[in-house]
Amino acid sequence: LRPTTSLNMEYKVICADYYERVIDHLRGNFFADEPLNRAAGLCQQGCGNSELEHHSLATLEDQLSIMALDARKDSDNYGQIAGVVLNGVLLPGDTEKALDKLQFSCDKNYKKIFELLYRHSLQVDLFKCFNVERIFDVRILSVDARYRGQGIAKELVRRTELVARESDYHLLKADATGIFSQKILRSHGFEVFSEQLYAKYKDAEGQIILPVEAPHIKMQLLVKEL
Ligand code: ACO
């Protein structure tokens, strides 16, 4: 995907030179305000989280992620990261391995979040269901709070599909945790494959594990066949 500019934004595939800045962007945005991270109290705005950073860097290394950079030359924010979509490759057995590894995690909040996502994914074998050997996994969609509501997330998802097509993937998948990401993905032709209501995800004592704030009420596993 060649770098291109639209709506005062430059969109390009994220190379290693940008990894540190991408993590910094996530610390200021996604790590604190994605609905599950917020419900678990994963981290304060601007703070790091070693497990989520490790997960993000491992995804970046698949070289399928895209960022939006502020391209307004007359602005103080010129060149700033406005948003990112972190995409990774999912192979058979990856989620099982990740869930096993999660048992050794020392971060109980991170564990809560990823147990929900991994256990939900493992309810069905998408590889068999769609007869594919690899899945293009849309893992982290994040727009800087100062740039939201301008269509940047929508554009990142549109370009994600182009990257997936160029790399010859036949199935895109995303675990969307809030109503806005769900809406964005559905507007790009993703379909709801399965979902989990947060109010019904409880521990052995009947307590809700992740008290996610309204308007977000469920996570959805969405797919798009190419
Ligand atoms: N209130 C009302 N509508 C909203 C809001 C909001 N807060 N945010 C987005 N929307 C709607 C827009 O109105 C638009 O709808 P339209 O096409 O009908 O006009 C649509 O969603 C797309 O909006 P964008 O402007 O493209 O979205 P934006 O660039 O603001 O980014 C995002 C949305 C990524 C959800 C951003 O709010 C964010 O970073 N949130 C925190 C992190 C997060 O929750 N990420 C998604 C988790 S799931 C995952 O990562 C796979």
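Note that the structure is predicted; figures quoted are calculated from it, not measured. (Residues numbered from 1 in each chain as written. Predicted model: local features only at pLDDT ≥ 70, side-chain atom pairs only at ≥ 80, totals over all residues. Heavy atoms only, no water.)

1. Some details on the overall build of the protein
For the protein, the count of helices and strands is nine helices and eight strands. Its C-alpha atoms give the protein a radius of gyration of 17 Å, within 12% of the compact-globule value 17 Å for 226 residues. Referenced to the eigenvectors of the C-alpha coordinate spread, the extents of the protein come out at roughly 55 × 40 × 30 Å. For the protein, with 226 residues in total, the buried portion stands at 49%. Contacts spanning at least 24 positions in sequence make up 74% of the contacts within the protein whose residues lie at least 6 apart. Side-chain charges of the protein comprise 29 positive and 33 negative groups, with the mean position of each set lying 4 Å from the other. (Helix = DSSP H or I, 4+ residues; strand = E, 2+ residues; numbered from the N terminus. Rg over C-alpha atoms; globule rule 2.2 N^0.38 Å. Buried < 20%, exposed > 50% of the residue type's maximum accessible area, 1.4 Å probe, protein only. Contact = heavy atoms within 4.5 Å. Lys, Arg positive; Asp, Glu negative; His and termini not counted. Charge placed at Lys NZ, Arg CZ, Asp CG, Glu CD.)

2. Details of the pairing of strand β4 (residues 81–90)
Here β4 lies mainly inside the structure; nine of its 10 residues are buried. Judged from the four bridges that link them, strand β3 (residues 66–70) and β4 form a sheet pairing that is antiparallel. If you follow Met67 over to β4, its bridge partner there is Val84. Two elements, β4 and strand β5 (residues 135–143), share eight bridges in a ladder whose sense is antiparallel. Its bridge partner lying in β5, Val84 is registered against Ser142. (Pairing = 2+ DSSP bridges.)

3. Notes on the pattern of salt bridges
Across all of its chains, the model carries 14 salt bridges by this definition. The salt bridge involving Lys173 is made with Asp137; its shortest N-O contact spans 3.4 Å. Here the residue Lys173 occupies a position in strand β6 (residues 171–176), and Asp137 occupies one in strand β5, the gap between them amounting to 36 residues. Taken individually, Lys173 and Asp137 each receive the classification buried, so the pair is uniform in this respect. (Salt bridge = Lys/Arg side-chain N within 4 Å of Asp/Glu carboxyl O.)

4. So, the environment of Ile209
Tracing the chain through its elements places Ile209 in the loop between β7 (191–197) and β8 (218–225). Separated by 23 residues in the primary sequence, Ile209 and Arg186 have C-alpha atoms spaced 27 Å apart. When neighbours within four sequence positions are excluded, Ile209 is seen to be in contact with Lys112, Tyr201, Lys202 and Asp203.

5. Some thoughts on helix α8 (residues 152–166)
With 15 residues, α8 extends 21 Å between its outermost C-alpha atoms, agreeing within 8% with the 21 Å of an ideal straight helix rising 1.5 Å per residue. Just downstream of α8, Asp168 is the residue with a positive phi angle, here 65°. (Expected span 1.5 Å × (residues − 1).)

6. Side note on the nonpolar core
Within the largest apolar cluster, 33 residues are counted, with the highest numbers of intra-cluster contacts made by Ile14, Val22 and Leu26. Listed by contribution, the elements that provide at least two residues to this core are α1 (19–28), α2 (30–33), α3 (35–40), α4 (50–60), β3, β4, α5 (94–102) and α6 (108–121). When residues in this core are grouped by element, the largest group, six residues, is from α6. If you look at the next biggest cluster of nonpolar residues, it comprises 25 residues, including Ala82, Val138, Ile152 and Ile184. (Core = buried A, V, L, I, M, F, W, Y, C linked by side-chain atoms within 4.5 Å.)

7. A few points about the site of the ligand
Looking at the ligand, there are 24 residues lining it, with Leu141, Val143, Gly149, Gly151 and Lys154 nearest. A distance of 3.0 Å separates an oxygen atom of the ligand from a polar backbone atom of Ala153. One of the side-chain nitrogen or oxygen atoms of Lys154 is found 2.5 Å away from an oxygen atom of the ligand. Across the complex, the protein chains shield 75% of the 970 Å² of accessible surface that the ligand would expose by itself. (Near = heavy atom within 4 Å. Polar contact = N/O pair within 3.5 Å; in protein donor to acceptor, adjacent residues only side chain to side chain. Areas by Shrake-Rupley, 256 points an atom, 1.4 Å probe, with all protein chains shown as cover.)

8. Regarding the packing of aromatic side chains
For the structure shown, the criterion picks out four aromatic pairs. Summarising the aromatic geometry, the rings of Phe114 and Tyr118 are spaced 5.5 Å apart at their centres and angled 55° between planes, so their arrangement reads as tilted. Of this pair, Phe114 and Tyr118 both sit in helix α6, four residues apart, which is roughly one turn of that helix. A relative accessible area of 7% means that Phe114 is categorised as buried. You can call Tyr118 buried: its relative accessible area is 15%. Between Phe136 and Tyr169 the ring centres are 5.2 Å apart and the planes differ by 80°, which places this aromatic pair in the edge-to-face class. Within this pair, whereas Phe136 is found in strand β5, its partner Tyr169 is found in the loop between α8 and β6, the two being separated by 33 residues in sequence. For the residue pair Phe136 and Tyr169, the accessibility class agrees, reading buried in each case. Put simply, the rings of Tyr110, Phe114 and Tyr118 pair up and form one aromatic cluster. For the cation-ring pair, Arg134 lies above Tyr169, with the distance from its terminal atom to the ring centre recorded as 3.7 Å. (Phe/Tyr/Trp six-rings, centres within 6.5 Å; stacked < 30°, edge-to-face > 60°. Lys NZ or Arg CZ within 6 Å of the ring centre and 35° of its normal.)

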